[in-house]
Amino acid sequence: NDDITKKVLAEYTHAQRMVTHEAQLAVIKTITTNRKIPMNVLNRKQAEAPDTCEVIVNRIGTAPGMWFEYGGAVLVSLPGVPFEMQALMDDVLLKLQQRFKLSAIFHRTLMTYGLPESILAERIAPWENALPPHIKLAYLPNPSTGVKLRLSVYDVQSDTVAAECEAQVARLRALLGDIIYGEELDTLEQTVGKLLREKGATVAVAESCTGGRIASLLTSVAGCSAYFKGAIVAYDNAVKTSMLGVRLDTLQTYGAVSLPVVEQMATGVKQALRTDYAVATSGVAGPDGGTPEKPVGTVCIAVASSAGVASEQLYFSTDRQRNIERASASALNMLRITLLKN
């Protein structure tokens, strides 16, 4: 009832009436049937659109996309639900390509993790400064995925652009090595899963400050049952000792947020779930709980394998959600590096 989008667009484009779009109505009927909810007047009205637009059928939701051509311009209205909007964008982009003469843009993206943007820029400065003028570089940092390095060529006039960028990528790989973990839309969890598959190896997770996020990321990858055994979210110290075998004297001496504790957590979950690799995290996610010695954002990570246990202590921000995201990504990256070394 609160959605005035269609009404406003109908008035703006001087529509004569609202028309029921049968294909969208059929989708709505299927959705309501599958969800076992009754079809009502509001559901039916969602299939209506002004007679001044072309309907772009939303096949995974109830609100259709609408394409208007009015006053010499194109106006597109899409559903507010993000994944529905994203699903319709392919149709919209195709129609835009057919409607307008567009210049070609070429992108080539590499995914990096492990170096802050400023240090990364410093390391590749000679390479970046030597780029041809028509090849542009963008740094796109994200706490969960690292820093994307995107090469772009705008208004492409030559069919040699892909080969030119590939030659630059080869030089960049030589500079950064295993700092690069993927390309384009690759994620750390996909890369880790691929490495585990290639080795025929398994992994388990023991999480404290990350609260199950690492397990969630690993299980977001289709086919992860081939390598992911399980996880123990050991938030309380009693769980760390009883289920993961962390020694009480270690907790008393060093505290829960410490390298000795996460090392024992990783070893414990590896033994408990009988895996080849294990990852463990403990930290002060915030916004409170910090001390002068261990301020908010302090995170300890360990990875156990047949070669032993590696661990590191990191320092992030005072934002709880960002700390959880960065700790999870750093743990996956540490596992990735261990897999590459082994």
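These remarks concern the structure in this document. Model, not experiment: these values are computed from the prediction.

What counts as what
- Residues numbered from 1 in each chain as written.
- Predicted model: local features only at pLDDT ≥ 70, side-chain atom pairs only at ≥ 80, totals over all residues.
- Heavy atoms only, no water.
- Pairing = 2+ DSSP bridges.
- Helix = DSSP H or I, 4+ residues; strand = E, 2+ residues; numbered from the N terminus.
- Axes fitted to C-alpha atoms, helices over the stretch in contact; angles between N-to-C directions.
- Contact = heavy atoms within 4.5 Å.
- Buried < 20%, exposed > 50% of the residue type's maximum accessible area, 1.4 Å probe, protein only.
- Right-handed = clockwise from strand over helix to strand, strands pointing away.
- Salt bridge = Lys/Arg side-chain N within 4 Å of Asp/Glu carboxyl O.
- Phe/Tyr/Trp six-rings, centres within 6.5 Å; stacked < 30°, edge-to-face > 60°.
- Lys NZ or Arg CZ within 6 Å of the ring centre and 35° of its normal.
- Core = buried A, V, L, I, M, F, W, Y, C linked by side-chain atoms within 4.5 Å.

### So, the pairing of strand E14 (residues 308–315)
Pairing of strand E13 (residues 298–305) with E14, which is carried by eight bridges, proceeds in the antiparallel orientation. In the sheet register, Ala302 faces E14, and the bridge partner there is Ser311. Hairpin connection of E13 to E14: two residues between the antiparallel strands.

### Overview of the sheet that holds strand E12 (residues 277–283)
Strand order in this open sheet of five strands is E11-E10-E12-E13-E14, and the pairing throughout is mixed. If you trace the sheet from one side to the other, it starts and ends with strand E11 (228–233) and E14, each paired once. Averaged over all neighbouring strand pairs, the angle between strand axes comes to 15 degrees, with direction disregarded. In this sheet, E13 lies alongside E12 in antiparallel orientation, the contact comprising six bridges. Across the sheet, residue Ala280 finds its bridge partner in E13, namely Ala302. Sheet strands in contact with helix H13 (residues 320–341) are strand E10 (203–207), E12, E13 and E14, and its direction is about 30 degrees off that of E13.

### Focus on the sheet that holds strand E7 (residues 136–142)
Read across the open sheet, the four strands follow the order E7-E8-E6-E9; overall the sheet is antiparallel. Every interior strand has two partners, whereas the edge strands, E7 and strand E9 (180–183), have only one. Neighbour-to-neighbour, the strand axes of this sheet turn through a mean angle of 25 degrees, independent of strand direction. As paired strands, E7 and strand E8 (residues 146–154) are joined by seven bridges and run antiparallel to one another. By the bridge assignment for E8, Pro141 is matched with Val147. Here helix H7 (residues 161–176) sits on the sheet and contacts strand E6 (105–112), E8 and E9; the angle it forms with E6, its principal contact strand, is near 15 degrees.

### Structural notes on the pairing of E10
E10 sits mainly inside the fold: five of its five residues count as buried. Side-chain alternation along E10 places Val203, Val205 and Glu207 on one buried face and Ala204 and Ala206 on a second face that is also buried. With five bridges joining them, E10 and E11 adopt parallel strand pairing. Along E11, the bridge assignment pairs Val203 with Phe228. Read from E10 through helix H9 (residues 213–219) to E11, the crossover connection turns out right-handed. The sheet contact formed by E10 and E12 spans five bridges and is parallel. By the bridge assignment for E12, Glu207 is matched with Thr281.

### A short note on the pattern of salt bridges
Per the counting criterion, the structure on display carries nine salt bridges. For the salt bridge of Glu11 with Lys7, the shortest nitrogen-to-oxygen distance reads 2.9 Å. Placement of the pair is Glu11 and Lys7 together in helix H1 (residues 5–12), with a separation of four residues, close to one helical turn. Residue Glu69 is joined to Arg99 by a salt bridge in which the shortest nitrogen-to-oxygen separation is 3.1 Å. Taken together, the positions of Glu69 in strand E4 (residues 65–70) and Arg99 in helix H4 (residues 82–99) put the pair 30 residues apart, joining distant regions of the chain. A network of salt bridges, in which partner residues are shared, links Arg108, Glu166, Arg173, Glu183 and Glu184.

### Focus on the environment of Val269
Topologically, Val269 is positioned in helix H12 (residues 259–273). Along the chain, Val269 and Val205 lie 64 residues apart, while their C-alpha atoms are 6.7 Å from each other. Ignoring sequence-local partners within four residues, the contact set of Val269 consists of Ala204, Val205, Ala206, Ile232, Leu244, Arg274, Ala278 and Val279.

### Side note on the packing of aromatic side chains
Tallying each qualifying case throughout the model produces one aromatic pair. Positioned over the ring face of Trp67 is Lys95, at 4.7 Å from the centre of the ring.

### With respect to the nonpolar core
Ranked by internal contacts, the top residues of the largest apolar core, which has 33 residues, are Leu196, Val203, Leu218 and Leu335. Mapped onto this core, the elements with two or more residues apiece are helix H8 (188–199), E10, H9, E12, E13 and H13. Here the element with the most residues in this core is H13; it accounts for seven residues.

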